[in-house]
Amino acid sequence: MATFESLGLCEWLIQQCKQMGISRPTPVQENCIPAILEGRDCMGCAKTGSGKTAAFVLPVVQKLSEDPYGVFCLVLTPTRELAYQIAEQFRALGKPLGLKDCIIVGGMDMVTQGLELSKKPHVVVATPGRLADHIRSSDTVNLNRIQFLILDEADRLLEQGCTDFTKDLEVILSAVPAKRQTLLFSATLTDTLQQLQSIAMNRPFFWEHKSDVRTVEELDQRFILTPEKVKDAYLVHLIQKFQDEHDDWSIIIFTNTCKNCQILTMMLRELNFPTISLHSMMKQRQRFANLAKFKSNVFKILIATDVAARGLDIPTVQVVINHNTPGLPKIYIHRVGRTARAGRNGVSITLVTQYDIHLISAIEEQTQVKLKEFPVEEKEVLKILTQVNVTRRQCEIRLESTDFDEKKKINKRKQMILEGKDPDLEEKRKNELDKISRNKKKLRGKNQESLQNKKEKNKTNAKPTEVDS
Ligand SMILES: Nc1ncnc2c1ncn2[C@@H]1O[C@H](COP(=O)(O)OP(=O)(O)OP(=O)(O)O)[C@@H](O)[C@H]1O
């Protein structure tokens, strides 16, 4: 069995690991650390919670100790919370070195960030949008000597999801030197492998945890089939059950939209559950504060959108509930990976409506795991159905009276401006498209109606009269 020593890490760093409860390398660390220390580019694909962060932090910290200067390493990651988490690992493992890091993420003061960047920290951890803004708007950002470029959750950074990072990545890649080591990590790297290979050009060492199953063994994966209208009652029943049966518990509930996240949070609070939320329509300081309250177990339930689906490492989470079935198996893999981390056990429960059954088949096909039904006493759920649905409706009405939708519109406009689009023009286009599709629908309805009329006419014409018979 490998030890950190046999991988080539130096004694002080091994001691530092021990202090953090890391005594033996995990497979991704065992395989990737030597290649990175050798100076190779590296692509590491291993399951959620398998220690990928330390697999790149450890060799970078060791190399930094041999030749310390700033900026030595740049880490890119898709979410702001993840940037803080990664920076924490650098700070903890690089403490004996006096490692200085700097976090560059959206939603925080740009001037302060510019100042910090100008002090040349050893490690910069950033989300692509904000770092690209700094590069575009000032010349205080000097990344032209970096030795390491790391893309954590690399596949997410390259895919064109609801947040498209590709333009920002282009800006960043043109600001970093061609001669560098590039390290790419994720639990779902293989879909974007070819694109990634073009970023890591220097003979990349590729390591993948070979396994038929793409989720961890310690995870008990369940589903509950429910009509849409009973979904919330099932959710409340599940939470109540965990609360009654466990002393020490914490749950992450994933949902599809910021609004739903907000409504569910209000609803569960109304029902006296210690709930807190995390979604992209919240102010950044609130996002950090809520996550901290959840991590410290002050609040036991976190309701989040997919902004929390990747990377977050909160060891106390025993249960993940998918309030909606994720449309992509990849998102499912990351969401359920928030529990059963680092060898611990965990349960995931996905609420499935009759419209989502095909999504479950796609998830099972990709993960190679058959989801088992979670046994629930339906009678118990039906007992609370009315109370839950009335509470939800009350929360919806309360939210409608706030400016939540208005804020959403403003955020959307801001995002469009950032993407170089004209929001008014876009709205006009959208209205035109809506009008066209409304007209199409009308026309289709009319056609169907006249077809129906014709059919009925034909029927009556063809009907034999009493005389005929
Ligand atoms: N060698 C080790 N031994 C024990 N625990 C470890 C080891 N390496 C890392 N850990 C711990 O395992 C947990 C999960 O690690 P990490 O967050 O790096 O997972 P990951 O592979 O990046 O997961 P994800 O794909 O979800 O981002 C962390 O709490 C970390 O401190």
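So, a few notes on the structure that sits alongside this text. Note that residues are indexed from 1 along each chain, following the sequence as it is written. Residues qualify for local features only when their pLDDT is at least 70, as the model is predicted, and side-chain atom pairs are given and counted only at 80 or more; totals for whole chains, interfaces and linings, by contrast, use all residues. Hydrogens and water are ignored here; the side-chain numbers use all heavy atoms of the structure.

## Notes on the packing of aromatic side chains
Consideration 1: What counts as a ring pair is set by centres within 6.5 Å for rings of Phe, Tyr and Trp (its six-membered ring), and what kind of pair is set by the plane angle: stacked under 30 degrees, edge-to-face over 60, tilted for all other angles. Tallied over the full model, the rule gives 5 aromatic pairs.
Consideration 2: Measuring from ring centre to ring centre gives 6.5 Å for Phe56 and Phe90, while their planes differ by 40 degrees; the resulting arrangement is tilted. Separated by 34 residues along the polypeptide, Phe56 in helix 3 (residues 52-66) and Phe90 in helix 4 (residues 80-93) bring together distant segments of the chain. Take Phe56 and Phe90: they sit in the same class, and that class is buried.
Consideration 3: Relative to Phe148, the ring of Phe72 has its centre 5.7 Å away and its plane inclined at 55 degrees; by these criteria the two rings are tilted. Remark: Phe148 occurs in strand 5 (residues 148-152) and Phe72 occurs in the loop between helix 3 and strand 2 (73-76); sequence separation between them is 76 residues. The helix count covers DSSP runs of H or I at least four residues long, the strand count covers runs of E at least two residues long, and both are numbered beginning at the N terminus. Each residue is assigned to one of three classes by its accessible area relative to the maximum for its type, calculated with a 1.4 Å probe on protein chains only: buried under 20%, partly exposed between the two thresholds, exposed over 50%.

## Considerations on the layout of surface pockets
Consideration 1: Considered as a void within the structure, the second largest pocket measures approximately 1100 Å³ in volume.
Consideration 2: The wall of the second largest pocket is formed by 41 residues, among which Gly49, Ser50, Gly51, Asp313 and Ala342 lie closest to the centre.
Consideration 3: If you list the elements that add at least two residues to the lining of the second largest pocket, you get helix 2 (27-37), helix 3 and helix 4.
Consideration 4: Top element by residues in the lining of the second largest pocket is helix 4. It accounts for 6 residues.
Consideration 5: Residues that form the lining of the second largest pocket fall into these classes: 15 nonpolar, 13 polar and 13 charged. Definitions used throughout: a 1 Å grid over protein atoms alone; a cavity as a set of points that fits a 1.4 Å probe which cannot get out; a pocket as an open set with protein on both sides within 12 Å along at least five of seven lines; a lining residue as one with an atom within 4 Å of a point. Grid points are joined across faces, edges and corners, and a volume is the space filled by probe spheres set on the points. Throughout this entry, Asp, Glu, Lys and Arg are counted as charged residues, while Ala, Val, Leu, Ile, Met, Phe, Trp, Tyr, Cys and Pro are counted as nonpolar. The remaining residues, Gly among them, count as polar.

## Digging into the site of the ligand
Consideration 1: With respect to spatial proximity, 19 residues lie near the ligand, and among them Arg24, Lys52, Thr53, Asp313 and Arg341 are the closest.
Consideration 2: Taking Glu153, its side chain carries an N or O atom lying 3.4 Å from an oxygen atom of the ligand.
Consideration 3: Calculation of accessible area relied on Shrake-Rupley with a 1.4 Å probe; when residues are assessed, cover is drawn exclusively from the protein chains displayed. A total of 650 Å² of accessible area belongs to the ligand in isolation, and the protein chains cover 87% of it.
Consideration 4: Of the pockets mapped on this structure, the ligand occupies the second largest pocket.
Consideration 5: When the residues that make up the shell around the ligand are grouped by side-chain class, the tally is 4 nonpolar, 8 polar and 7 charged. Nearness here has a simple test: a residue counts as near a molecule or strand if at least one of its heavy atoms is within 4 Å of that partner. In the analysis that follows, any N or O atom pair within 3.5 Å is treated as a polar contact, provided that within protein one partner can donate a hydrogen and the other can accept it, and provided that, for residues neighboring in sequence, both atoms belong to side chains. What decides whether a molecule sits in a cavity or pocket is whether more than half of its atoms lie within 2 Å of the grid points.

## Comments concerning empty space enclosed by the protein
Which parts of space are left empty comes out when a probe the size of a water molecule is rolled across the atoms.
Consideration 1: Summed over the entire model, instances satisfying the criterion amount to 1 cavity of 30 Å³ or more.
Consideration 2: Its volume calculated, the largest cavity comes out at about 40 Å³.
Consideration 3: Lining of the largest cavity is provided by Val71, Leu117, Lys120, Thr140, Val141 and Asn142.
Consideration 4: Of the residues contributing to the lining of the largest cavity, the split by class is 3 nonpolar, 2 polar and 1 charged.

## A closer look at the pattern of salt bridges
Consideration 1: Each salt bridge in this description consists of a side-chain nitrogen of Lys or Arg and a carboxyl oxygen of Asp or Glu lying within 4 Å of one another. Overall, the coordinates contain 21 salt bridges when judged by the stated rule.
Consideration 2: A salt bridge links Asp155 to Lys330, with the shortest nitrogen-to-oxygen separation between them at 3.1 Å. Of the two residues, Asp155 is situated in helix 7 (residues 154-158) and Lys330 in helix 13 (residues 329-336); the sequence distance between them amounts to 175 residues.
Consideration 3: Since its relative accessible area comes to 0%, Asp155 is described here as buried.
Consideration 4: According to the relative accessible area criterion, Lys330 is buried, its value standing at 12%.
Consideration 5: A salt bridge links Glu364 to Lys370; the shortest N-O distance between them is 3.0 Å.
Consideration 6: Given a relative accessible area of 65%, Lys370 falls into the exposed group.
Consideration 7: Through salt bridges with shared partners, a single ionic network connects Glu153, Asp155, Arg156, Glu159, Arg310 and Lys330.

## So, the pairing of strand 13 (residues 346-352)
Consideration 1: Counted residue by residue, strand 13 has 7 buried out of 7 residues, so it is predominantly covered.
Consideration 2: Residues Gly346, Ser348, Thr350 and Val352 point to one face of strand 13 and Val347, Ile349 and Leu351 to the other, with burial holding for every one of them.
Consideration 3: Pairing geometry for strand 8 (residues 219-225) and strand 13, over 7 bridges, is parallel. Considered in strand 13, the bridge of Asp220 is made with Val347.
Consideration 4: The rule for pairing is simple: two strands pair if DSSP sees at least two bridges between them. Sheet analysis places strand 12 (residues 319-322) next to strand 13, joined by 4 bridges and oriented parallel. Residue Val319 lies in a different strand from strand 13, and its bridge partner there is Val347.
Consideration 5: Seen with the strands pointing away from the viewer, any crossover whose path from the first strand over the helix to the second strand runs clockwise is right-handed. For the handedness criterion, the β-α-β arrangement of strand 12, helix 13 and strand 13 is classed as right-handed.

## Details of the side chain of Thr188
Consideration 1: Residue position: Thr188 is located in the loop between strand 6 (181-186) and helix 9 (193-199).
Consideration 2: Within the structure, the side chain of Thr188 is placed 2.5 Å from the side chain of Asp155, a separation counted as a polar contact.
Consideration 3: Side-chain polar atoms of Thr188 contact the side chain of His334, separated by 2.7 Å.
Consideration 4: Residues are treated as being in contact if the distance between any of their heavy atoms lies within 4.5 Å. Each residue touching Thr188, except ones within four places of it in the same chain, is listed here: Cys45, Asp155, Arg214, Arg310, Lys330, Ile333 and His334.

## Quick look at the sheet that holds strand 3 (residues 101-104)
Consideration 1: The parallel open sheet is built from 7 strands, whose spatial order is 3-4-2-5-6-1-7. Two strands close off the open sheet at either side, each with one partner strand: strand 3 and strand 7 (205-208). Sheet twist, expressed as the average angle between the axes of neighbouring strands with direction ignored, equals 10 degrees.
Consideration 2: Sheet topology note: the strand 2/strand 5 ladder contains 4 bridges and is parallel. Considered in strand 5, the bridge of Val75 is made with Ile150. To define axes, lines are fitted to C-alpha atoms, for helices over the stretch in contact only, and angles between the resulting N-to-C directions are given on a 0 to 180 degree scale.

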